[in-house]
Structure formats: C-alpha cells, structure tokens
Amino acid sequence: MASRQCSKTACTRPAAATLTYVYADSTVVVGQLAESAEPHSYDLCADHASRFTAPRGWDVVHIQQDFVDPGPSPDDLDALARAVREAGTPAQPRTHAPAPLTPSEPRRGHLRVVSSDM
C-alpha cells in the first residue's frame, strides 16, 4: 500500500486521518485513516486533523482523538531498499546488437519514385 499524503496544500506529511463531509446533516467526520483513498474524502496529517475546524453552522465529529502519524510501512522501506540497490548496481554492457529490420512487404504509400529514363 503506497503512503498517502495530507490533502492540505503544501503539506508533505503523511496522512493520519480521513475527513468526510456529510452534507445532508451538515456534519464533518474526522476519523481514522481509511483503508483506501475515496474520491469524496480528504486525507489529513495528524497536525491538520487535530486542528480542523468546520464551516460555520456545521458539527464536527472526531471518531478518534489521538491521530498517530503511521510513518513508513514495511512495504515502503522494502521498495526504498530495492531502489537503492538497483541504483548502486553498475549497468550491464550490451552483448549483442539488435537485428536489422527487414521489410515483410513493400510499402504502399501515396508517393512513388519516377525514373527519368522514360
């Protein structure tokens, strides 16, 4: 699972909570980070989730009060280690040249070569 970032502009911290608007009830729900990103919800870092304020006249429901920054997952660390190993490996020289292309049939375009011998 790839690490998701906070939805706030210019924030590069990892997401720790998910914010969802319930328009019918004029309610904002801030809870644990959702399993997957949803198109109508917003991921927030722990700092932004704890300081969130709703629009005037709306209620805020905090499902979890202590938002913990999840940090990098084992999958993230494994992918990073593989990328570093791959970048440190010297490039292998090519042992053979690619075979030249041979046309399977003559081209039939709209242009023709006309000889001057006519």
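Please refer to the structure placed before this passage.
Residues numbered from 1 in each chain as written. Predicted model: local features only at pLDDT ≥ 70, side-chain atom pairs only at ≥ 80, totals over all residues. Heavy atoms only, no water.

Novice: Would you mind going over the pattern of salt bridges with me for this structure?
Specialist: All chains considered together, the criterion is met by three salt bridges. A salt bridge links R51 to D47; its shortest N-O distance comes to 3.1 Å. A relative accessible area of 52% means that R51 is categorised as exposed. By relative accessible area, D47 is classed as partly exposed at 32%. Bridged by salt links that share partners, the residues R13, D47 and R51 form one connected network. (Salt bridge = Lys/Arg side-chain N within 4 Å of Asp/Glu carboxyl O. Buried < 20%, exposed > 50% of the residue type's maximum accessible area, 1.4 Å probe, protein only.)

Novice: It is not clear to me how the side chain of T27 should be interpreted in this structure. Could you clarify?
Specialist: Positionally, T27 belongs in strand β2 (residues 27-32). A distance of 3.0 Å separates a polar atom in the side chain of T27 from the backbone oxygen of D25. Residue contacts for T27: discarding those within four places in its chain leaves T20, Y21, V22, W58, D59 and V61. (Helix = DSSP H or I, 4+ residues; strand = E, 2+ residues; numbered from the N terminus. Polar contact = N/O pair within 3.5 Å; in protein donor to acceptor, adjacent residues only side chain to side chain. Contact = heavy atoms within 4.5 Å.)

Novice: In this structure, what is going on with the sheet that holds strand β3 (residues 41-44)? I would like to understand it.
Specialist: Two modes of strand pairing occur in sheets, parallel and antiparallel, and in both the strands are linked by backbone hydrogen bonds. Ordered by their spatial adjacency, four strands build an open sheet running β3-β1-β2-β4, and the pairing between neighbours is mixed. Of all the strands in the sheet, just β3 and β4 (59-62) have a single pairing partner and so form its edges. The average undirected angle you get between the axes of adjacent strands in this sheet is 20°. In this sheet, β2 lies alongside strand β1 (residues 17-22) in antiparallel orientation, the contact comprising six bridges. (Pairing = 2+ DSSP bridges. Axes fitted to C-alpha atoms, helices over the stretch in contact; angles between N-to-C directions.)

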